[in-house]
Amino acid sequence: TVKITIGSTYDSRKWRMKVSFIDCFSPMRAPIECQQYFTGVSGFALSHNWNGFHPFNKNQESTTCFRQEVGYCNIDFTVNDDGNSPDYFDLDGNNLTGGRRSAGSCNMNFLNIQTLPANDVDNTNYFCTNHLGTMGGDTVSTRVRSVGPFFHFRFVSISGTVATQVRSSNIGYKLNWALVPCN
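Keep in mind it's a predicted model, so treat the numbers as computed, not measured.

## Overview of the sheet that holds strand β9 (residues 151-157)
With respect to topology, five strands assemble into an open sheet ordered β1-β3-β9-β6-β7, the strand pairing being mixed. With one partner strand each, in any of the chains shown, β1 (36-38) and β7 (126-127) form the two edges of the open sheet. Of the pairings in the sheet, the one linking strand β3 (residues 60-66) to β9 comprises seven bridges and is antiparallel in character. Paired with T64 across the two strands is F153, which belongs to β9.

This is the structure we're talking about:
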């Protein structure tokens, strides 16, 4: 049963809803800890509440997951560049120069991505500030490769950070993802 309460005054409203049930053992079923779940070999993922003008919600921790398709062993993440903005990755809004990569410097808002040791010069799995890159201090975003078999990243925002403010800049992320075939 779905109940929708619209208050005492309302205009004529209509909804079209589709409810689907997914079998417990279906490959389409997301793992329990995943708030977003993507299938296929490529696409993009957005931070919650992201539309280019509003920040993400404070006090959140969410996991975004990607199904490992047959024949694919890794996943690449890059910052989306659709021509409307040079960089859709900013987790602090303070215009800091260069990406940060350590747990100590990413203590407010960050992505946690399990990376490949050979691709991970800084040897940490934290990504924050305004560039997604494999080295701390990167001034442009680069490709980050993650290992399988469980493809995911975790996003954390902490109370009292810039995420509590509404800004006109892009606070959040829009990441392209693409599965990488096995060698």
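## Section: the pairing of strand β10 (residues 172-181)
Residues in a regular strand project their side chains so that they alternate between the two faces of the sheet. For β10, the buried fraction is high: seven of the 10 residues fall into the buried class. Here strand β2 (residues 42-46) pairs with β10 via five bridges, running antiparallel. In the strand pairing of β10, G43 is matched with W177. As paired strands, strand β4 (residues 72-79) and β10 are joined by seven bridges and run antiparallel to one another. Within β10, the position partnered with Y72 by the bridge is P181. Sheet topology places strand β5 (residues 89-90) next to β10; two bridges connect them, and they run antiparallel. In the strand pairing of β10, D90 is matched with G172.

## Side note on the packing of aromatic side chains
Applying the stated criterion to the full structure yields nine aromatic pairs. Seen from their ring centres, F77 and F153 are 5.5 Å apart, and the 80° between their planes marks the pair as edge-to-face. Placement of the pair is F77 in strand β4 and F153 in strand β9, with a sequence separation of 76 residues. Residue class for F153 comes out buried when judged on its relative accessible area of 1%. The interplanar angle of 65° and the centroid separation of 5.0 Å between the aromatic rings of F110 and Y126 together place this pair among those described as edge-to-face. Separated by 16 residues along the polypeptide, F110 in strand β6 (residues 109-113) and Y126 in strand β7 bring together distant segments of the chain. The class for Y126 is partly exposed, based on a relative accessible area of 23%. A connected cluster of aromatic rings, assembled from ring pairs, spans F38, F66, F77, F153, F155, Y173 and W177. The positively charged end of K174 is found above the aromatic ring belonging to F44, 4.9 Å away from the centroid.

Rules and cut-offs
Residue numbers here run from 1 along each chain, matching the order of that chain's written sequence. Under the rules for a predicted model, residues below a pLDDT of 70 receive no local features and side-chain atom pairs below 80 are neither given nor counted, while totals for whole chains, interfaces and linings still include all residues. Heavy atoms throughout the structure, all of them, feed into the side-chain values; hydrogens and water do not. In this description, strands pair whenever DSSP reports at least two bridges between them. Helix and strand labels come from DSSP, where a helix needs a run of H or I of at least four residues and a strand needs a run of E of at least two; each type is numbered from the N terminus. For the exposure calls, accessible area comes from a 1.4 Å probe over protein chains only, and a residue counts as buried if that area is under 20% of its type's maximum, exposed if over 50%, partly exposed in between. For Phe, Tyr and Trp, rings pair up if their centres lie within 6.5 Å, where Trp contributes its six-membered ring, and each pair is then called stacked (planes under 30 degrees apart), edge-to-face (over 60) or tilted (otherwise). Either the NZ atom of lysine or the CZ atom of arginine qualifies as a charge over a ring when it sits within 6 Å of the ring centre and within 35 degrees of the ring normal.

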